[in-house]
Amino acid sequence: MKKQVDILIIGSGAAAASLSQRLLEKDPNRSILVLEAGIKVPMKDYKLYQDYLVTGTYPYQFCEDLNYPSIFGNGENVPVGGNQLQLSGGRAMMFGGSTAHWGGWSFRLKPEDFQLYTNTQIEGTIDWPISYDDLEPYYGQAEDYIGVSGDSTDQVPPRTTKYPFCEFPYTLEDQGTIEAFEKLGLDYAHMPIARHGISDTDSPHAPCKTTGTCKYCPFGARYFAGNFLDEMLKYGSFPNFEILQGAIVDRITMSSRSKATGAVYHDKFTTDSHTVEAETVIVAAGSIEAAKLMQRSVTPEWPEGVGNQKNNNLVGKNLVSHPFVYWEATLPENPQRLQPEMDFPTFISRHFDSKEQQPFGKFLTVRLNSFSDQFNMTTNNQVSTLTKAMQTGLNREEIDAVTTGPLNVQLITQVEVFTKTSNYVSNTAPNVINHLGMQETNVHYVPDSGFENRLDQIQTLLNPVFNEMGATNFRKASDSIRADHAACVTRMSDTPETGVVDKDLKVFDTDNLYVLSNGSFSSLGAINPTITLTALSLRLGDHLNSK
Amino acid sequence: MEHRKYNRKAYHAADPADVAVSQAIFNDMWELFVQIGKFWGKTEVVEDLRTDLLVFMNNRIAMDPSYLYDYKNASEVIKELIYEMGEEKGYESLFTDKSILDDPPTTLKARARQKVSNEFIVLYLSLGGFKDYGAENSLGYIGGANIKGKTPYRTIDK
Ligand SMILES: Cc1cc2nc3c(=O)[nH]c(=O)nc-3n(C[C@H](O)[C@H](O)[C@H](O)COP(=O)(O)OP(=O)(O)OC[C@H]3O[C@@H](n4cnc5c(N)ncnc54)[C@H](O)[C@@H]3O)c2cc1C
Ligand code: SF4
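On a predicted model such as this, the values are computed, not experimentally measured, just so you know.

Conventions and cut-offs
- Residues numbered from 1 in each chain as written.
- Chains lettered and ligands numbered in written order.
- Predicted model: local features only at pLDDT ≥ 70, side-chain atom pairs only at ≥ 80, totals over all residues.
- Heavy atoms only, no water.
- Helix = DSSP H or I, 4+ residues; strand = E, 2+ residues; numbered from the N terminus.
- Buried < 20%, exposed > 50% of the residue type's maximum accessible area, 1.4 Å probe, protein only.
- Contact = heavy atoms within 4.5 Å.
- Lys, Arg positive; Asp, Glu negative; His and termini not counted.
- Charge placed at Lys NZ, Arg CZ, Asp CG, Glu CD.
- Near = heavy atom within 4 Å.
- Nonpolar A, V, L, I, M, F, W, Y, C, P; charged D, E, K, R; others polar.
- Phe/Tyr/Trp six-rings, centres within 6.5 Å; stacked < 30°, edge-to-face > 60°.
- Lys NZ or Arg CZ within 6 Å of the ring centre and 35° of its normal.
- Polar contact = N/O pair within 3.5 Å; in protein donor to acceptor, adjacent residues only side chain to side chain.
- Areas by Shrake-Rupley, 256 points an atom, 1.4 Å probe, with all protein chains shown as cover.
- Buried area = accessible area lost by both parts, 1.4 Å probe.
- Salt bridge = Lys/Arg side-chain N within 4 Å of Asp/Glu carboxyl O.
- Pairing = 2+ DSSP bridges.
- pLDDT = per-residue confidence, 0-100.
- Axes fitted to C-alpha atoms, helices over the stretch in contact; angles between N-to-C directions.
- Parallel < 35°, antiparallel > 145°, perpendicular 65-115°, else oblique.
- Left-handed = near helix turned anticlockwise from the far one by under 90°.
- Domains from an automatic or database assignment.

Thoughts on the overall build of chain B
So, point 1. The helix and strand tally for chain B stands at five helices and zero strands.
So, point 2. In sequence order, the secondary structure elements of chain B are arranged as α-α-α-α-α.
So, point 3. Buried residues in chain B amount to 50% of all 158 residues.
So, point 4. Within chain B, counting contacts between residues at least 6 apart in sequence, those at least 24 apart form 54% of the total.
So, point 5. Distance between charge centres in chain B, computed from 21 positive and 24 negative side chains, equals 6 Å.

Details of the site of ligand 2
So, point 1. Of all residues adjacent to ligand 2, which total 13 residues, the nearest are R195, C208, T211, C214 and C217 of chain A.
So, point 2. A per-class count over the shell around ligand 2 returns six nonpolar, four polar and three charged.

Some thoughts on the packing of aromatic side chains
So, point 1. One pass over the full model with this rule turns up 30 aromatic pairs over all chains.
So, point 2. Ring centres of F114 of chain A and Y132 of chain A lie 6.2 Å apart, and the angle between their planes is 70°; on these two criteria the pair is classed as edge-to-face. Of this pair, F114 of chain A sits in the loop between β4 (85–86) and α3 (116–120) while Y132 of chain A sits in helix α4 (residues 132–146), placing them 18 residues apart in sequence.
So, point 3. Each residue in the set W30, F33, F56, Y67, Y71, F120 and Y124 of chain B is aromatic and connected to the rest through ring pairs, giving one cluster.
So, point 4. The aromatic ring of W302 of chain A is capped on one face by R257 of chain A, whose charged end is 3.7 Å from the ring centroid.

As for the site of ligand 1
All names here are of chain A.
So, point 1. Around ligand 1, the structure places 40 residues, and the nearest of them are E36, M94, S98, W105 and T530.
So, point 2. A distance of 3.0 Å separates an oxygen atom of ligand 1 from a polar backbone atom of A15.
So, point 3. Within the side chain of S98, one N or O atom sits 2.7 Å away from an oxygen atom of ligand 1.
So, point 4. With the chains in place, 96% of the 1,000 Å² that ligand 1 exposes on its own is no longer accessible.
So, point 5. Within the residue set of the shell around ligand 1, elements represented by two or more residues are α1 (14–26), β9 (247–254), α7 (287–296) and α11 (530–545).

Examining the interface of chain B and chain A
So, point 1. Counting residues at the interface gives 49 residues for chain B and 53 residues for chain A.
So, point 2. On the chain B side of the interface with chain A, the three residues burying the most area are Y133, L139 and R154 of chain B, jointly 19% of the side's total.
So, point 3. In this structure, the connection of chain B to chain A is made through three salt bridges.
So, point 4. At the boundary of chain B and chain A, one finds 24 residue pairs in polar contact (both at pLDDT 80 or more).
So, point 5. Of all the secondary-structure elements, those providing two or more residues to the side of chain B that touches chain A are α1 (23–40), α2 (49–63), α4 (87–96) and α5 (108–126) of chain B.
So, point 6. Per-element tally for the side of chain B that touches chain A: the top contributor is α5 of chain B, with nine residues.
So, point 7. Along the lines of polarity and charge, the residues of the side of chain B that touches chain A split into 26 nonpolar, 14 polar and nine charged.

A word on the sheet that holds strand β18 (residues 472–482) of chain A
Residues and elements named next belong to chain A.
So, point 1. Pairing is mixed across the open sheet formed by seven strands, whose spatial order is β4-β18-β12-β15-β14-β13-β7. Because the sheet does not close on itself, it has two edges, and the strands there are β4 and β7 (189–190).
So, point 2. With two bridges joining them, strand β13 (residues 347–349) and strand β14 (residues 363–372) adopt antiparallel strand pairing. Of the residues in β14, the one forming a bridge with I348 is V366.

What about the confidence of the model for chain B?
All names here are of chain B.
So, point 1. Mean pLDDT for chain B: 92, with 98% of residues reaching 70 or above.
So, point 2. For chain B, per-element mean pLDDT is lowest for α2, which scores 96, and highest for α4, which scores 98.
So, point 3. Across the interfaces of the predicted complex, the ipTM metric reaches 0.93, alongside a pTM of 0.96.

What to know about the packing of α1 of chain B against α5 of chain B
Packed helices, taken two at a time, are described by the angle their axes make and the gap between the axes.
Residues and elements named next belong to chain B.
So, point 1. For the pair α1 and α5, interaxial distance at closest approach is 10 Å and the crossing angle is 65°. Viewed along their axes, α1 and α5 adopt a mutual orientation that is roughly perpendicular. For the pair α1 and α5, the sense of crossing is right-handed. On α5, the residues that touch M29, L32, F33, I36, G37 and W40 of α1 are V116, S117, F120, I121, L123 and Y124.
So, point 2. In the contact of α1 with α5, the residues fall into 10 nonpolar, two polar and no charged.

Here we look at unusual backbone geometry
So, point 1. Residue P157 of chain A is bonded to the preceding V156 of chain A through a cis peptide linkage, with omega at -5°.
So, point 2. For P157 of chain A, the location among the structural elements is in the loop between β5 (149–150) and β6 (165–166).
So, point 3. The linkage connecting D103 of chain B with the following residue, P104 of chain B, adopts the cis geometry, with an omega of 0°.
So, point 4. On the secondary structure map, P104 of chain B appears in the loop between α4 and α5.
So, point 5. A positive phi angle is found at N473 of chain A, which is not glycine, with a value near 55°.
So, point 6. Within the fold, N473 of chain A resides in strand β18.
So, point 7. A positive phi angle is found at C488 of chain A, which is not glycine, with a value near 75°.
So, point 8. Mapped onto the fold, C488 of chain A is located in the loop between β18 and β19 (513–515).

Re the sheet that holds strand β16 (residues 424–427) of chain A
Residues and elements named next belong to chain A.
So, point 1. Read across the open sheet, the three strands follow the order β3-β17-β16; overall the sheet is mixed. The open sheet has two free edges, formed respectively by β3 (78–79) and β16, since each of these has just one partner strand.
So, point 2. Sheet topology note: the β16/strand β17 (residues 441–444) ladder contains four bridges and is antiparallel. Paired with V425 across the strands is V443, a residue of β17.
So, point 3. Against the sheet, α7 engages β16 and β17, with an angle of about 55° to β16.

Describing the domain arrangement of chain A
A common way to state how big an interface is: give the accessible area lost once the parts meet.
Residues and elements named next belong to chain A.
So, point 1. You can read the domains of chain A as domain 1 (1–84 + 91–148 + 213–318 + 424–446 + 487–547) and domain 2 (166–191 + 323–415 + 447–485).
So, point 2. On a C-alpha basis, the centres of domain 1 and domain 2 stand 31 Å from each other.
So, point 3. On the domain 2 side, the residues contacting the 27 residues of domain 1 number 24 residues.
So, point 4. Here domain 1 meets domain 2 over a buried area of about 2,300 Å², counting both sides, of which 57% is carbon and sulfur.
So, point 5. The three residues of domain 1 that bury the most area against domain 2 are W105, F107 and A526, which together make up 27% of that side's buried surface.
So, point 6. Counting across the domain 1 and domain 2 interface gives two salt bridges.
So, point 7. Here domain 1 is connected to domain 2 by 12 residue pairs in polar contact (both at pLDDT 80 or more).
So, point 8. At the level of secondary structure, the elements contributing two or more residues to the side of domain 1 that touches domain 2 comprise α2 (46–55) and α3.
So, point 9. Tallying contributions element by element places α3 first for the side of domain 1 that touches domain 2, with three residues.
So, point 10. Split into classes, the residues belonging to the side of domain 1 that touches domain 2 amount to 16 nonpolar, six polar and five charged.

In structure tokens, the structure reads:
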């Protein structure tokens with residue numbers, strides 16, 4: 001039997017959750033169907049929380065991509081252009097999507113980000129068809145919806161509303177970095193972070209209690225779309241709002257070049273195929289899957305897949321994400337016994353995320369947890385130095401020596417890279433299915449030839465910071481690029497010559513097909529994308545509500 | 001069919017009624033927990049934490065019933081070590097023997113260390129044991145909300 005709905009949303013992540021919230025606020029009776037390929041993993045479960053605490057394994061790990069195949073074992077997906085951009089760990093395919101494992105860093109883009117091409121003239125890049133001012137009111141609403149704790153006096157970038165919750169103060173660990181930044185005249189700020197705080201109004205969301213196990217928050221204090229969707233289903237009084245799990249959408253259906261009629265999906269458990277008819281179709285399947293789904297949706301009017309214009313086939317192209325670069329240096333001693341007391345950073349700097357740096361690849365700087373020089377535990381926030389020391393059998397005196405001895409301090413930088421049509425994602429052959437039952441992905445990502453040079457420049461810019469801190473042996477600990485912030489593969493533009501969707505996120509040449517994902521960003525900037533995605537989602541909600 | 005037993009949410013097939021920890025084993029595990037505090041802490045482990053330990057053990061067993069056997073094994077390993085070396089040295093051997101960190105554990109002593117004692121260390125720290133080493137908050141510790149003037153961790157202003 002065919003299902004008929006007003007709005008079909010494909011995917012159940014932050015994009016889907018915030019959009020359906022906005023639509024249902026206006027009309028609680030609206031019929032909305034969300035099709036989610038993944039399944040529900042229990043959240044706020046104390047057993048699972050304690051298991052994560054002791055083992056560091058989070059219960060939704062199976063919803064992530066496996067590593068690429070290698071000599072060490074079977075894997076999935078195909079790194080077509082070398083092994084550069086990792087999918088594994090970069091998204092979660094489950095009820096609620098990738099905010100299950102996000103950090104909650106909640107930055108807005110800066111005004112100059114919306115004019116990348118104008119400011120840099122870099123070939124292959126474009127300007128956004130909207131400006132910062134167009135999005136500013138929605139940024140405020142997105143921060144309210146997500147529940148961001150931040151410093152409302154911080155006007156970089158400019159803001160007209162307050163954060164819903166106050167900022168988390170700088171930790172004692174931040175002190176050395178702050179002093180160094182001040183001496184060098186570099187700007188810094190509080191981290192705007194998606195953690196609920198104490199509120200005067202009734203809220204179903206518990207405040208953050210600083211337990212520091214955020215990849216599996218026992219209280220639901222960090223925004224996770226799945227928790228919000230659950231609450232909508234439970235308490236929302238939305239009689240025509242439905243979410244199907246294990247529903248893998250195979251293709252979007254079209255009755256003409258301009259009209260989407262719905263989608264065909266199959267039940268991952270029974271493999272039965274079903275058709276849904278909808279007035280409006282929203283693809284909110286995350287950047288990569290959204291592009292792949294559109295490529296798969298071949299119709300007589302869209303022979304290369306819906307959204308792919310004859311002359312350029314842009315769907316899936318222009319893949320970017322953020323290279324994460326870890327910088328470390330060693331302090332000779334640690335008399336204050338500095339150690340991670342929080343699981344999320346409180347100090348950030350957007351000094352080099354600036355218009356001046358834009359042509360070279362602007363970057364965000366964040367101070368991460370420090371760790372004892374004795375243990376090689378760079379990026380593992382889950383296990384503290386103390387835990388490691390006790391578990392490996394050091395006695396009290398030895399631990400005293402470790403906790404006051406040499407300390408590795410680290411900064412992470414997230415660098416903007418520029419779109420190129422030669423970097424893309426696409427579907428593997430239809431019968432190549434990943435461990436979750438979804439078609440696998442070809443990933444072609446080759447960094448710019450100048451990227452290594454850019455890393456050297458960044459090292460030169462950060463060197464004085466570590467010097468001022470009195471840290472030695474300044475080094476690049478690692479750099480990698482993963483799909484966490486994969487974007488631009490269905491990018492928004494003024495024209496179908498350079499983009500896939502228009503300024504309302506509507507696929508060019510269609511009347512009722514929208515793509516709501518980071519893929520629709522025109523460029524990525526240097527910051528984490530989800531607040532911008534949510535702002536776009538609420539804006540799309542208003543657009544659809546006004547129809 | 002909702003009422004059918006086979007629809008019950010489950011992490012494993014064991015019946016919860018069959019996998020309860022006995023009072024004697026729990027007492028031994030509580031003693032192990034107290035000894036962790038004695039060996040590493042500077043303040044004594046308070047009785048109030050008994051419930052936390054019991055909840056933790058039951059949660060581990062609920063996830064994987066083999067923990068029932070690991071707790072029993074730990075109790076037996078500790079008894080043997082104490083018989084051989086006396087209480088202080090027995091526990092010290094369990095806590096510090098570097099030869100039993102093989103992954104996965106291959107002896108019963110290594111299992112007692114890794115599946116029980118080392119997990120209890122995480123619990124011990126998350127219940128406040130870290131405070132003896134200078135911090136005000138730590139991973140797993142429910143420090144409290146971000147209230148102005150009452151920040152639950154060390155800040156630059158304190
Ligand atoms: C480790 C990590 C840390 C991150 N930290 C931050 C951060 O600190 N700040 C920030 O701003 N961003 C962060 N991100 C990015 C953030 O998670 C994403 O921007 C956000 O989750 C995207 O939301 P979405 O709704 O577009 O997609 P998703 O949340 O990925 O949801 C898409 C959903 O669609 C489903 N789907 C896909 N294909 C189909 C199909 N064919 N049929 C049906 N369903 C389908 C998927 O299963 C998935 O559940 C992080 C990401 C990762 C991986
Ligand atoms: S620190 Fe806050 S968000 Fe993180 S797990 Fe604890 S309560 Fe949840």
